[in-house]
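Each chain is listed here by its residues.
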Amino acid sequence: MAVKLAVVGLGKIAQDQHLPAIAASSDFDLLCGASIAGESPRGCTYRDIETMLESEPDIAAVSLCQPPQVRFAAAHAALLAGKHVLLEKPPGATLSEVEALVDLAAERGLTLFAAWHSRYAPAVAPARQWLAGKTVEAVRITWREDVRVWHPGQTWIWQPGGLGVFDPGINALSIASYLLPAFHLAEGTLSYPANQAAPIAAELCFTTLDGAPVIADFDFRQTGPQTWDIRIDTDAGELLLSKGGGALAIAGVAQPLPAEAEYPSLYARFAALIAAGESDVDLRPFRHVADAFLRAGRREVEAFVE
Ligand code: NAP
């Protein structure tokens, strides 16, 4: 039987990806939504999650698609009400609050799923398969996009907890932490616009335990062509994952890939977790971001005006 689902936060990602993926899924049945300003496509919309949870006892699961700063309160309310929870990325605003949710979900026997959509990009599984058994020698991550194109009007991204350039950068880290041996931050620099509370760029030098460098360059100021690349040098040649995981080349040769299906894959995974009574909360990408805020230096750059 399809799981009765509600979506909370009907902004860009809910409209672009969640609602179409849910509509196409036989695993889920969209019952209603909670939205400050929007309307659920089922025409049943509550203005806050608490009223929704009280009014709709049939809801079995919720997808939380708001900015990360308000995700914990909603997830906490949903778990207390006995609902399974999908957390959009990043899973919250602090590591500790997400760990508290992990404990609460386990205590209540509910599924908590921290959704890292980029891990379901078409190139990621084949890249992981090719890398198995090979030695990683050096990695270069270049994730540069134009914030005005991809995040227009998203003031939350510049506020504490909004992560700034790590909002896309964490997608790269979700892929890298899935593909590579363990790595940790050695040093870095975060560039903050003079008028904002979150970084607009980050230069990060990670290293694996074997000393292979993993260099990351995240930048929100890229105009013209956009770059979402991970270049991995191995003892068997170079792997290049580009277009955010939409393309793969090995030793310069483009590889055939399946069609893009990141969000349908996320919902298939969420359904499988609910059926198995399991949770999946991999905090490594978020921990790397937290480490950057702990360990990297700070540089002030030109004010950012939308
Ligand atoms: P968005 O367009 O700004 O939408 C966020 C929505 O959350 C708002 O429209 C609003 O919807 C709701 N909301 C609740 N409390 C809010 C608050 N205090 N401030 C602002 N909005 C609030 O953002 P988005 O791009 O959809 O991103 C939402 C989350 O999805 C972020 O964590 C982001 O990292 C992640 N994500 C985004 C993308 C993307 O391509 N945009 C891709 C993958 C993941 P209601 O009026 O309906 O309540």
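Residues numbered from 1 in each chain as written. Predicted model: local features only at pLDDT ≥ 70, side-chain atom pairs only at ≥ 80, totals over all residues. Heavy atoms only, no water.

Draft legend 1. Quick look at the overall build of the protein. Helix and strand counts for the protein come out as nine helices and 15 strands. In terms of C-alpha radius of gyration, the protein reaches 19 Å, essentially the compact-globule figure of 19 Å for 306 residues. Relative to its full complement of 306 residues, the protein shows a buried share of 53%. Across the protein, every contact between residues at least 6 apart in sequence was considered, and the portion connecting residues at least 24 apart equals 71%. About 13,200 Å² of surface is accessible on the protein, with carbon and sulfur atoms providing 53% of the total. Side chains of the protein carry 23 positive and 36 negative charges; the gap between the two charge centres is 2 Å. (Helix = DSSP H or I, 4+ residues; strand = E, 2+ residues; numbered from the N terminus. Rg over C-alpha atoms; globule rule 2.2 N^0.38 Å. Buried < 20%, exposed > 50% of the residue type's maximum accessible area, 1.4 Å probe, protein only. Contact = heavy atoms within 4.5 Å. Areas by Shrake-Rupley, 256 points an atom, 1.4 Å probe, with all protein chains shown as cover. Lys, Arg positive; Asp, Glu negative; His and termini not counted. Charge placed at Lys NZ, Arg CZ, Asp CG, Glu CD.)

Draft legend 2. Molecular detail of the packing of helix H7 (residues 166-179) against helix H9 (residues 284-295). The interhelical angle for the contact between H7 and H9, taken along N-to-C directions, is 125°, at an axis separation of 8 Å. By the angle between their directions, the pair H7 and H9 is classed as oblique. The two elements H7 and H9 meet at a crossing, and its hand is right-handed. When H7 is examined against H9, the residues Phe 166, Ile 170, Leu 173, Ser 174 and Ser 177 are found in contact with a partner set consisting of Arg 284, Pro 285, Phe 286, His 288, Val 289, Ala 292 and Phe 293. (Axes fitted to C-alpha atoms, helices over the stretch in contact; angles between N-to-C directions. Parallel < 35°, antiparallel > 145°, perpendicular 65-115°, else oblique. Left-handed = near helix turned anticlockwise from the far one by under 90°.)

Draft legend 3. The sheet that holds strand S11 (residues 227-234), seen in detail. Across the sheet, nine strands lie side by side as S14-S13-S12-S11-S7-S10-S9-S8-S15; this open sheet has mixed pairing. One side of each edge strand has no neighbouring strand; the edge strands of this open sheet are strand S14 (253-254) and strand S15 (297-301). As judged from the eight bridges shared by strand S8 (residues 183-193) and strand S9 (residues 201-208), these two strands associate in the antiparallel manner. Residue pairing in the sheet places Leu 190 in a bridge with Ala 202 of S9. Along the sheet, H7 contacts strand S7 (136-144), S8, S9, strand S10 (213-219), S11 and strand S12 (237-242); its crossing angle with S7, the most-contacted strand, is approximately 160°. Taken strand by strand, H9 contacts S8, S9 and S15, and its axis lies near 65° from that of S8. (Pairing = 2+ DSSP bridges.)

Draft legend 4. Local environment of the domain arrangement of the protein. Assigned domains of the protein: these are domain 1 (3-115) and domain 2 (122-261 + 290-301). For domain 1 versus domain 2, the distance between C-alpha centres works out to 27 Å. Residue-level contacts link eight residues of domain 1 with 12 residues of domain 2. In this assembly, domain 1 packs against domain 2 so that about 750 Å² is buried in total across both faces, 61% of it on carbon and sulfur atoms. Here domain 1 is connected to domain 2 by one salt bridge. Tallied by class, the residues present in the side of domain 1 that touches domain 2 amount to five nonpolar, one polar and two charged. (Domains from an automatic or database assignment. Buried area = accessible area lost by both parts, 1.4 Å probe. Salt bridge = Lys/Arg side-chain N within 4 Å of Asp/Glu carboxyl O. Nonpolar A, V, L, I, M, F, W, Y, C, P; charged D, E, K, R; others polar.)

Draft legend 5. The arrangement of the packing of helix H3 (residues 71-80) against helix H4 (residues 95-108) in detail. Packing of H3 against H4 leaves a shortest axis separation of 10 Å and a crossing angle of 10°. What the angle tells us is that H3 and H4 run roughly parallel. Within the contact between the two elements, H3 uses Phe 72, Ala 75, His 76, Leu 79 and Leu 80 and H4 uses Glu 97, Ala 100, Leu 101, Leu 104, Ala 105 and Arg 108. Residue composition of the contact of H3 with H4, by class: eight nonpolar, one polar and two charged.

Draft legend 6. Expanded view of the site of the ligand. Surveying the vicinity of the ligand reveals 23 residues, the closest of which are Leu 10, Ile 13, Ser 35, Ile 36 and Asp 167. Interatomic distance of 2.9 Å between a side-chain N/O atom of Trp 156 and an oxygen atom of the ligand. Contact with the protein chains hides 77% of the accessible area of the ligand, taken as 870 Å² for the molecule alone. Both of domain 1 (3-115) and domain 2 (122-261 + 290-301) provide at least three residues apiece to the shell around the ligand. (Near = heavy atom within 4 Å. Polar contact = N/O pair within 3.5 Å; in protein donor to acceptor, adjacent residues only side chain to side chain.)

Draft legend 7. Region of interest: the packing of aromatic side chains. For the coordinates displayed, the defined rule picks out nine aromatic pairs. With a centroid separation of 5.5 Å and 15° between ring planes, the pair formed by Phe 28 and Phe 270 is classed as stacked. Of this pair, Phe 28 sits in strand S2 (residues 28-34) while Phe 270 sits in helix H8 (residues 262-276), and the two are 242 residues apart along the sequence. Neither Phe 28 nor Phe 270 differs from the other in exposure class; each is buried. (Phe/Tyr/Trp six-rings, centres within 6.5 Å; stacked < 30°, edge-to-face > 60°.)

Draft legend 8. Expanded view of the pattern of salt bridges. For the structure shown, the criterion picks out 14 salt bridges. Note that Asp 29 is salt-bridged to Arg 42, the shortest N-O span being 3.3 Å. Within this pair, whereas Asp 29 is found in strand S2, its partner Arg 42 is found in the loop between S2 and strand S3 (45-46), the two being separated by 13 residues in sequence. We classify Asp 29 as partly exposed; its relative accessible area is 28%. Two residues, Arg 287 and Glu 99, come together in a salt bridge whose shortest N-O distance is 3.5 Å. With Arg 287 in helix H9 and Glu 99 in helix H4, the pair connects residues that are 188 residues apart, well separated along the chain. Classification of Arg 287 as partly exposed rests on a relative accessible area of 37%. Sharing partners across several salt bridges, the network here consists of Arg 140, Arg 144, Asp 217, Asp 219 and Arg 221.

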